[in-house]
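Residue-level listing of the chains:
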Amino acid sequence: MRVLFVEGKDREALAALAEALPHPYWLLEGEGVFLLQVLGAGEEARARAEAVPGVRVWAFRLEDGVVYRGCGKRSGTSP
């Protein structure tokens, strides 16, 4: 699975991008910056992200990971 990361300072632009994509995502807030993580994103999602002004975009292939355990709820990454 590919994971797309989009970093930028405009929360509204990143939230609009996330809502427009048909993939699970997290929008993280740091000190003066936001990071959008999109799971299962393909080339179309990457192209849409790169069209957002003022962002940096990275794409990675998920090699390994841990699904949330112990909370009793299914997450966006649960099988």
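Now for a quick tour of the structure.

Parameters and conventions
Residues numbered from 1 in each chain as written. Predicted model: local features only at pLDDT ≥ 70, side-chain atom pairs only at ≥ 80, totals over all residues. Heavy atoms only, no water. Helix = DSSP H or I, 4+ residues; strand = E, 2+ residues; numbered from the N terminus. Buried < 20%, exposed > 50% of the residue type's maximum accessible area, 1.4 Å probe, protein only. Contact = heavy atoms within 4.5 Å. Areas by Shrake-Rupley, 256 points an atom, 1.4 Å probe, with all protein chains shown as cover. Pairing = 2+ DSSP bridges. Axes fitted to C-alpha atoms, helices over the stretch in contact; angles between N-to-C directions.

Side note on the overall build of the protein chain
Next up, step 1: Counting secondary structure elements, the protein chain contains two helices and four strands.
Next up, step 2: In the protein chain, the succession of helices and strands from N to C terminus is β-α-β-β-α-β.
Next up, step 3: Considering the protein chain as a whole, with its 79 residues, one finds that 28% of them fall into the buried category.
Next up, step 4: Sequence separation of at least 24 residues holds for 60% of the intrachain contacts in the protein chain that already meet a minimum separation of 6.
Next up, step 5: When the accessible surface of the protein chain is summed, it comes to about 5600 Å², and 52% of that surface belongs to carbon and sulfur atoms.

Focus on the pairing of strand β2 (residues 25-29)
In regular strands, side chains alternate between the two faces of the sheet.
Next up, step 1: Relative to strand β3 (residues 34-39), β2 runs antiparallel, the two being bridged by five bridges. For Leu28, the partnering residue across the bridge sits in β3 and is Leu35.
Next up, step 2: With antiparallel pairing between neighbouring strands as the criterion, β2 and β3 make up a hairpin whose turn holds four residues, including Gly32 at a positive phi of roughly 80°.

Points about the sheet that holds β3
Next up, step 1: Taken in spatial order, the four strands of this open sheet run β2-β3-β1-β4, and their pairing is antiparallel. Only two strands of the sheet have a single neighbouring strand rather than two, namely β2 and β4 (56-61). Recorded for the sheet is a direction-independent mean angle of 15° between the axes of neighbouring strands.
Next up, step 2: Where strand β1 (residues 2-8) and β4 come together, six bridges link them in antiparallel fashion. From the neighbouring strand, Arg2 faces β4, where its bridge partner is Arg61.

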